[in-house]
Each structure stands twice: as structure tokens, then as C-alpha cells.
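Understanding the architecture of this molecule
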Amino acid sequence: MASAREYFRMKQSSLREEEYSSQLRSHRRKRFFRVFCIILAVILAAMGYYIYSNNRTYDNYEMISDTKREDDDSTIYLEYLGNMLKYNMDGIACVDKDNTLIWNQSYEMKDPMVDIYNEYVSVCDNGGNKVYIFNKEGVLGEVDTKFPIKKMCVSGKGTVAVLMQEEEINYIDYYNKNGKLIAENKAPVEKTGFPLDISLSQDGYKLAVSYMIIENASIQTKLAFYNFDSVGENEIDHLVAAANYENEIIPKVKFLTEDTAVVFGTDFWEIYQGTQKPKSIHKETLSEEIKSVFYDDKCFGLIYKNNGKDNPYEMKVYNLKGKPVFEKSFGFEYDNVFVKDSYIYMQNSAGCQIYNMKGKLIYDAGYEDELQSIIPVNKRKKILVFSNRVLYMRLK
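As the structure is a computational prediction, the values presented were derived from the model and not from experiment.

About the thresholds
- By convention here, each chain's residues receive numbers from 1 onward along its written sequence.
- Since the coordinates come from a predicted model, pLDDT governs what is reported: local features require at least 70, and pairs of side-chain atoms require 80 or more to be given and counted, while whole-chain, interface and lining totals use all residues.
- Based on all heavy atoms of the structure, the side-chain values leave hydrogens and waters out of the count.
- What makes a salt bridge here is a side-chain nitrogen of Lys or Arg within 4 Å of a carboxyl oxygen of Asp or Glu, nothing more.
- Aromatic contacts are taken between Phe, Tyr and Trp rings whose centres are within 6.5 Å, Trp giving its six-membered ring; a plane angle under 30 degrees counts as stacked, one over 60 as edge-to-face, and the others as tilted.
- For each residue, the accessible area found with a 1.4 Å probe, counting protein chains only, is set against the maximum for its type, and the residue is called buried under 20%, exposed over 50%, and partly exposed in between.
- Sitting over a ring, as applied to charges here, requires NZ of Lys or CZ of Arg to be within 6 Å of the ring centre and within 35 degrees of the ring normal.
- Each helix is a run of DSSP H or I of at least 4 residues and each strand a run of E of at least 2, with the numbering of both proceeding from the N terminus.
- Note on contacts: a residue pair qualifies if any of its non-hydrogen atoms lie within 4.5 Å across the two residues.
- A strand pair is defined by DSSP finding two or more bridges across the two strands.
- For every element, the axis is a line fit to its C-alpha atoms; helices are fit only across the contacting stretch, and the angle between N-to-C directions ranges from 0 to 180 degrees.
- Nonpolar side chains (Val, Leu, Ile, Met, Phe, Trp, Tyr) within 5 Å and like charges within 9 Å form the patches, drawn only from residues with over 30% relative accessible area and no salt bridge.
- Exposure was quantified through the Shrake-Rupley algorithm and a 1.4 Å probe, taking into account, for residues, occlusion by the shown protein chains and nothing else.
- When charges are counted, Lys and Arg are positive and Asp and Glu negative, with His and the chain ends excluded.
- Charge positions are represented by NZ for Lys, CZ for Arg, CG for Asp and CD for Glu.

Within this structure, the stated rule accounts for 12 salt bridges. Close ionic contact of D297 with K298 constitutes a salt bridge, the shortest N to O distance being 3.5 Å. One network of salt bridges, with partners in common, ties together D66, D369 and R389.

Have a look at this one:
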């Protein structure tokens, strides 16, 4: 009898354990399902907001601040780390969105040229002998060149390349961010040609130079890549790669990253890639002459005329592999075009337009005052620089 009772107690205990285990599994499944639904809802909400925010259009704005300009209208304003960089013949200054001074540097230059790469800024006097190098905290170094400056560029590490010319000789000097000379190169114009453009890579080691050569009434362009790292030390004049373009002119060459450069000809573009010795990976020839180019570290674009009456311009945007991102016809008569944080900005003295990376026009506005530049702060906040005032606004 005792053994029977013991058997039934064990049986009931086993049933209770099974029932508890079943309830526990059911509770865990329900909890997992609730958590899964919450995570899914958050993901869908985030995706919805991302799609909405990136495709949202704006037809008005609210003013955050409106400040009267104290400088003259010859002062040029540029975007710099969410702030403003302004310069003229008397000096350069970095100010915040409220026009509060962060740093400045006075100088006397007849024709100042400015280049910006990430947090580094360089300014020089075109045809002069002075170069200043800055970061977000102010001046880092200055250079007095031996010969008149023709071209200058800064890298993402603050190194600076200066191309000079004197008595039919081209000189290239390479400086660190404090203005110390690292390397120098010279070659006769008869050999290399006349320099059209230069660009340093993000890491500061590679330099691209476009030279125009006129010989026997014909024109050709020589594209040269120099390497100031250890690889270039083993090459003559640090030259690691070169290409010749018969009957072509290359007015613009630009390193977009450490290892990707884009060459813009009058009617073609070409991508070069390489960590040490860049090589061509893609080239495309156009039926029309290129009117404008724009770029950042994720894409590049170009604008040329088409045969449309209402929309006489064509805009094409590509990724860094040369794959098309979008193509768009438009009729806005712009003076300036650039890309920033996946938005394309076009501006003239009377207004501006903003496109997203799907080619959708998200903002189109005209203004009574003369618009000189537009400076993006973030997706919605913009700074508009007019000839008489600086407007800080939020799109809505």
C-alpha cells in the first residue's frame, strides 16, 4: 500500500513539473514574441522616419537668427565643420553660427586661395609667396616660398603641397602641418608642361598633378602621381604613375579619399585607385562638354548641357566605383553647385535649390536680397549669406 501511495505521489509530482515546464515554455515564447514585436516596431519606425526625412520636401523656413554683416561683400564665406570660414585680401577667420569669432589670422594678399580638407585649412596668395596652415583651433604653421605660387592644396592630415613656377621651371614643395619642408621637386616646363590642377590624398602621401603640354600646335595633358611615402623615395622625383591624354585637357583632378582620385576632362571623367601607385579602374566619355563638377568622399557628380528647352541641364551622380546613383534634368541657372552630407546644393544670386541623393528636389526658394553662398549646418539647418546679412534658418 505504501509503495502505491508513493507511486501516485511521484506521478503527481512529475505531472506538476511537466505542467510547470510547459507554462514556463509558454511564458518564454510569449515574452520572446513581445520583445520581437517591439524590436520590429522600432526598426520599422526608424526605417519609416529615415525614408520620410530623406524624402521630405520643404517649402518654407523659420528664422533662428538674422545678423547684419559688418564686412564688405568681397568677403567669401565657406562651410567649415558646421561653422563658417570667411576670408578676403586682409585676413581669414573662423566664426560660429552666431558669427562669434573662434580664430582669425590677418595678412595682406592680392589674390587669396583657400583649400579645405576635413579639419585642415590652407590659404595662400596666388602669385605670392605666403602660405598659412590651420586646424579647428587656429594657425598651425606658415610658409614663405622661394618662388611665386601657382597652385596649393591641403590633405586630411594637414600636409600641404605647393606648386610654384619661375623662369619656365615648375617646383613642387611638400610641407608638414607645421610648415616644415619635407620634400621638394623641380622640372622644366618644357618637360612636364604647364600645371592645371593639383590634389593631395586624404592621408597626405599621394599628390596628383595635371599638366598641359602644347607641342607642334597640338595639345595634350600629362597626369602625374607622386608619392611622398617610402614607396616614392625609391622613384625618381617621387613619381610613381603617369598617363598621357592626347588632344585632351584635364582642368580638374581631385583625390576624394586616401586611395581614390577622379580626373575630370572637358568631356570625360576617369577614376584612379591605388594605395601606393594609382591605376585607372573606370573611364566614361560624354557626348557633351562638362559644365561643372562636384564631389565629396562618397560620390561625385557632373553637369552638362542637353537639348531640352525647359530643362537645358543634365546632372549625373556616381559612386566611387563609377556606378550611376541618379540622373536628373533641370533648368535652374546656378552659379555654384556642391554636395554635402548626401544633399546637392545649387545657388545663384536670387535663390537656391537642394536635391537629395535620389534626384528629388526637396527645397526651392528665391530671395529678395542678393544671395552669395549657402552653408549647410545639418539636414534642416542652413546658413544663408547675403550681401548685407547672414540668415541662420531651419527648413520646414
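Remark: the centre distance and the inter-plane angle together describe each pair of aromatic rings, the angle taken between the planes. Per the counting criterion, the structure on display carries 18 aromatic pairs. Ring centres 6.1 Å apart and planes at 50° place the aromatic pair F330 and Y334 in the tilted group. Judged by relative accessible area, which is 2%, F330 ranks as buried. Residue Y334 is classed as buried on the basis of its relative accessible area of 6%. Chaining the aromatic ring pairs together yields one cluster made of F264, W269, Y295, F300 and Y318. Here the guanidinium or amino end of K382 rests over the ring plane of Y343, the centre of that ring lying 5.9 Å away.

What follows covers the side chain of T192. Relative to the elements of secondary structure, T192 occurs in helix α2 (residues 189-192). For T192, a relative accessible area of 5% gives the class buried. What T192 contacts, discounting residues up to four positions off in sequence, is N170, A187, Y211, I213 and K222.

Read across the open sheet, the 4 strands follow the order β14-β15-β16-β17; overall the sheet is antiparallel. In this open sheet, the two strands that pair with only one neighbour each are β14 (194-200) and β17 (239-246). Sheet twist, expressed as the average angle between the axes of neighbouring strands with direction ignored, equals 15°. Here strand β15 (residues 206-215) pairs with strand β16 (residues 218-227) via 10 bridges, running antiparallel. Bridged to A208 within β16 is F225.

By definition, the strands of a sheet pair up through backbone hydrogen bonds, in either a parallel or an antiparallel sense. Spatial strand order, β6-β7-β8-β9: 4 strands in an open sheet with antiparallel pairing. One side of each edge strand has no neighbouring strand; the edge strands of this open sheet are β6 (112-117) and β9 (138-144). On average, adjacent strands in this sheet sit at an angle of 15° to one another, irrespective of strand direction.

Take the pairing of strand β21 (residues 279-285) next. Pairing geometry for strand β20 (residues 268-273) and β21, over 6 bridges, is antiparallel. Of the residues in β21, the one forming a bridge with F268 is T285.

Right, let's get into the environment of G331. Checked against the element boundaries, G331 lands in the loop between β25 (324-330) and β26 (336-340). With a relative accessible area of 29%, G331 lands in the partly exposed category. If near-sequence neighbours (up to four positions away) are discounted, G331 is found in contact with D310, N311, P312 and Y313.

A contiguous patch of negative charge, built from D72, D73, D90, E108 and E370, is present on the exposed surface. Its location among the elements puts D72 in the loop between β1 (61-68) and β2 (76-80). Look at D72 and you get partly exposed, because its relative accessible area is 41%.

Note that every value here comes from positions in space, so none of it alone points to a role or purpose.
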